[in-house]
Amino acid sequence: MFEQEASLVPPWLEPMLRTAFFTVCRTHGDAARSECNMYCLDCNDQAFCFYCRSSKHKDHQVIQIRRSSYHDVVRVGEIQNIMDISGVQTYVINSARVVFLNERPQPRSGKGVAHICEICGRSLLDPFRFCSLGCKAFMERKEGISRQVSSRKQEELREDSQHDIYPPTTHKPPSSARRRKGVPHRAPFGS
């Protein structure tokens, strides 16, 4: 279902999260729909406008970024087929279900808050783990690094345990300086 099997965080996600959206397009600045609110997952480069999509990203996988209370959001319907958004709080804004791209600063929550984002501490409405795709990506990157370190340590332990179980079998011929000549004789038993 998802394109990313090896890595939990898609390669386009972090660059997209750092992208500045809703700027005026340099090429089409005089046109009506010239705000840069689209992102190409194939090019993984920068935000662009409606007209740039038609000319430069015609057959590419593109998602549209929207705004809600001065924060960037993406529709769940656009993002859920290309990445796993489980655990991320969704919201209904203008009758569309959306997720926020990045964390939204909030004063520390007081008493009585049942659910908070595991990364930034923002209060959540439902029992989700994250308030945004950015917070989920941070956790998955952190967990991915832990898994890599853990698997390396397990490999080292496996190698070390094999060395203990099967010591090296190197047969060196004894040196001639220490070799005995003849059969060893014991002293006679005393009576």
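Each remark here, short or long, concerns the structure printed above.
What you see is a predicted model; the values in this text were computed from it and never measured.

About the criteria used
- Residues numbered from 1 in each chain as written.
- Predicted model: local features only at pLDDT ≥ 70, side-chain atom pairs only at ≥ 80, totals over all residues.
- Heavy atoms only, no water.
- Helix = DSSP H or I, 4+ residues; strand = E, 2+ residues; numbered from the N terminus.
- Buried < 20%, exposed > 50% of the residue type's maximum accessible area, 1.4 Å probe, protein only.
- Core = buried A, V, L, I, M, F, W, Y, C linked by side-chain atoms within 4.5 Å.
- Contact = heavy atoms within 4.5 Å.

### Overview of unusual backbone geometry
Working step 1: The phi angle at Phe22 is positive, at roughly 65°, despite the residue not being glycine.
Working step 2: Relative to the assigned elements, Phe22 resides in the loop between helix H1 (13-18) and strand S1 (38-40).
Working step 3: The residue Asn44 is not glycine, and still its phi comes out positive at about 55°.
Working step 4: Residue position: Asn44 is located in the loop between S1 and helix H2 (50-56).
Working step 5: For Asn44, a relative accessible area of 26% corresponds to the partly exposed category.

### Let's talk about the nonpolar core
Working step 1: In terms of nonpolar packing, the biggest core is built from 41 residues, with Met16, Ile63, Ile79 and Leu133 touching the most fellow members.
Working step 2: The set of elements that each furnish at least two residues to this core consists of H1, S1, strand S2 (62-68), strand S3 (71-75), helix H3 (76-79), strand S5 (96-100) and helix H4 (133-165).
Working step 3: If you tally residues by element for this core, the top one is H4, at four residues.
Working step 4: Leaving out residues up to four positions away in the same chain, Ile79 has contacts with Trp12, Ile63, Val74, Ile85, Val99 and Leu133.

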